[in-house]
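An overview of the molecular structure
Now for the letters of each chain:
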Amino acid sequence: MIIITKPKLELSVQNKFRTFLADKKIDVVSVERKEQIHLVVVGRFGELAKRDVETHPAVEKIIETDRPYKLASKAFRQVTKFKLPNGTLIGNKKIVFMAGPCSVENRSQIEEIAKQVKDAGCQVLRGGAYKPRTGPYDFQGLGKIGLKFLRDAGDTYNLSVITEVLDIRDIELIEKYTDIFQIGTRNMQNYPLLRELGKSKKPVLLKRGMWATYKELLLAAEYILLGGNDNVMLCERGIRTHVAETRFTLDLNAVPYLKHETHLPVIVDPSHGTGRANLVRVMSRAAIAAGADGLLLEAHIDPRRSISDSDQAISLQELKKLVGEAKRIAKAVDRM
Ligand code: PEP
Ligand code: MN
């Protein structure tokens, strides 16, 4: 249950209403959104209490849902749409293409890739500056200078940028450079990090944990939404299964399932989802056919030489072909 108060309530009215709820033993978590307060009710809510709340002068309406994720549910909102600084609308009929290298490696690498990512028809440039590598001796990313290279390359070609944040301590710095925060699969359940990003005004792309159920993913998104950040995207990036021939198993069931359950845009990452460059284009087509709102792709000027994730990096020629095909599929499923 979500209680939506009337807009611009005076503090004294707010306090009175909170006392009223406390007297009725209605436990709530509150979210400050624009000019209204949304109170998410924790626990059960009897019919009697419901009527009292509904008719209270501080209340505009209440929204009922039986889902454990309230703000992420379809009952709360039908669709989430937001604009990136370069004008790209996310959650719209138009598919968003985000592409770039796994890691920002140097200035000329990201600049050349940005040029071709733009030319391929993408709207967002990806590139990791803080990398969550499996081994501590692997390349960990360029850090701050990588963020700067990414930002400059994005600005040169009017691409918005997305980069991963691993640690709460880096949020302030990354926020200065990026347009979208990426939360990687390994951090999907890093709740302090999710809560902190809830306070940011910048969009967050939340990747599904490689072990996570849909419910766990949606509840992770709820942590961000609860902080007051409305602009969350979910990303299917493959899960661990017994299949050893691909790096992960891209679970495209997730797309229609999540689209049915939530108003949040759903993005698919077929690069990590397959781990194999030769599968990325076909699975991109499948993702769009399944209803994805966008794709997150790893592409490199010299894929075999990519410092990280070289097996799954596609060439920029392949990227261009992929975008063209994906757009044709998009049309066939009433998207753009
Ligand atoms: C990445 O996008 O490069 C990445 C590390 O992704 P994931 O968290 O899905 O492994
Ligand atoms: Mn990668």
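Anyway, here's the lowdown on the structure attached to this text. (Residues numbered from 1 in each chain as written. Chains lettered and ligands numbered in written order. Predicted model: local features only at pLDDT ≥ 70, side-chain atom pairs only at ≥ 80, totals over all residues. Heavy atoms only, no water.)

What about the overall build of the chain?
Put simply, the test is: Secondary structure follows DSSP: runs of H or I at least 4 residues long count as helices, runs of E at least 2 residues long count as strands, and numbering of each begins at the N terminus. The cut-offs for exposure are 20% and 50% of the maximum accessible area for each residue type, with area from a 1.4 Å probe on protein chains only; residues under the lower value are buried, those over the upper are exposed, and the others partly exposed. Whether two residues touch is decided by their heavy atoms; if any such pair falls within 4.5 Å, the residues are in contact. Residue exposure ignores everything except the shown protein chains as possible cover, and the areas themselves are Shrake-Rupley values with a 1.4 Å probe. Neither His nor the chain ends is counted toward charge; the positive residues are Lys and Arg and the negative residues Asp and Glu. Every charge is mapped onto a representative atom, which is NZ of Lys, CZ of Arg, CG of Asp or CD of Glu.
Helix and strand counts for the chain come out as 11 helices and 14 strands. Counting only C-alpha atoms and orienting by the principal axes, one finds that the chain spans roughly 65 × 40 × 35 Å. Counting every position in the chain, which comprises 336 residues, the buried fraction comes to 55%. Across the chain, every contact between residues at least 6 apart in sequence was considered, and the portion connecting residues at least 24 apart equals 68%. Accessible surface for the chain amounts to roughly 15100 Å². Of this, 51% is attributable to carbon and sulfur atoms. Charged side chains of the chain number 54 positive and 41 negative; the gap between the two group centres comes to 3 Å.

Here's the deal with unusual backbone geometry
Located in the positive-phi region is lysine 25, a residue other than glycine, with phi close to 60°. With relative accessibility at 75%, the residue lysine 25 sits in the exposed group. Non-glycine residue aspartate 334 carries a positive phi angle of around 65°. Along the chain, the position of aspartate 334 falls in the segment after helix 11 (316–332).

Considering the packing of helix 10 (residues 277–289) against helix 11
Where we set the bar: Axis angles are defined between N-to-C directions and span 0 to 180 degrees, where every axis is a line fitted to C-alpha atoms and, for a helix, only to the segment in contact. We call two directions roughly parallel when the angle between them is under 35 degrees, roughly antiparallel when it is over 145, roughly perpendicular when it lies between 65 and 115, and oblique otherwise. Handedness of a helix crossing follows the sense of rotation of the near helix relative to the far helix, less than a right angle counterclockwise being left-handed and clockwise being right-handed.
Between helix 10 and helix 11, whose axes approach to 9 Å, the crossing angle comes to 25°. Taken together, the axes of helix 10 and helix 11 are roughly parallel relative to one another. Crossing hand, helix 10 versus helix 11: right-handed. For the pair helix 10 and helix 11, contact is made by Val280, Arg281, Ser284, Arg285, Ile288 and Ala289 and by Glu318, Lys321, Leu322, Glu325, Ala326, Ile329 and Ala330, respectively.

Structural notes on the sheet that holds strand 4 (residues 59–63)
What counts is decided by this rule: Criterion used throughout: strands pair if DSSP finds at least two bridges between them.
Taken in spatial order, the 4 strands make up an open sheet running 2-3-1-4, and their pairing is antiparallel. The open sheet terminates on both sides in strands that have one partner only, identified here as strand 2 (27–33) and strand 4. Taken over all neighbouring pairs, the strand axes of this sheet differ in orientation by 20° on average, direction set aside. Across 4 bridges, the pairing between strand 1 (residues 2–5) and strand 4 is antiparallel. Bridge pairing in strand 4 links isoleucine 4 to lysine 61. Sheet contacts for helix 1 (residues 11–23): strand 1, strand 2, strand 3 (36–42) and strand 4; angle to strand 3, the most-contacted strand, approximately 10°. Against the sheet, helix 7 (residues 214–226) touches strand 2 and strand 3, its axis set at about 60° to strand 2.

Considering the nonpolar core
Inside soluble globular proteins, nonpolar side chains tend to come together where they are buried. We apply this condition: Nonpolar cores are built from buried Ala, Val, Leu, Ile, Met, Phe, Trp, Tyr and Cys residues. Side-chain atoms within 4.5 Å join them into one set. Reported domain spans reflect what an automatic or database domain assignment gives.
Counting 73 residues, the largest nonpolar core has Val117, Leu125, Leu206, Leu295 and Leu319 as its most contacted members. With 7 residues, helix 7 is the largest single contributor of residues to this core. Each of domain 1 (2–63) and domain 2 (82–332) gives at least three residues to this core. With residues up to four places along the chain from it excluded, the contact list for leucine 319 reads Ala99, Val117, Ala120, Cys122, Leu297, Ala299 and Ile314. Counting residues in hydrophobic clusters, the runner-up holds 16 residues, among them Ile3, Leu9, Phe17 and Ile62.

Digging into the site of ligand 1
Formally: Only a single heavy atom is needed: when it lies within 4 Å of a molecule or strand, its residue is near that molecule or strand. Here a polar contact means two N or O atoms within 3.5 Å. Within protein one must be a hydrogen donor candidate and the other an acceptor candidate, and residues neighboring in sequence count only if both atoms are side-chain atoms. Amino acids are sorted into nonpolar (Ala, Val, Leu, Ile, Met, Phe, Trp, Tyr, Cys and Pro), charged (Asp, Glu, Lys and Arg) and polar (every other residue, Gly among them).
Surveying the vicinity of ligand 1 reveals 13 residues, the closest of which are Arg126, Gln182, Thr185, Lys207 and Arg237. Within the contact set of ligand 1, an oxygen atom lies 2.8 Å away from a side-chain nitrogen or oxygen of lysine 207. Here arginine 237 contributes a side-chain N or O atom positioned 2.6 Å from an oxygen atom of ligand 1. Within the complex, the protein chains bury 97% of what would otherwise be the 300 Å² of accessible surface of ligand 1. Split by residue class, the shell around ligand 1 holds 2 nonpolar, 4 polar and 7 charged.

Examining the environment of methionine 98
Residue placement: methionine 98 occurs in strand 7 (residues 96–100). Of the residues examined, methionine 98 reaches a relative accessible area of 0% and is grouped as buried. Measuring from C-alpha to C-alpha, the distance between methionine 98 and glutamate 196 comes to 24 Å, with 98 residues separating the pair along the chain. Among residues more than four places away in sequence, those in contact with methionine 98 are Ile90, Val124, Ile162, Ile180, Leu205, Met233, Ile267, Leu295, Leu296 and Leu297.

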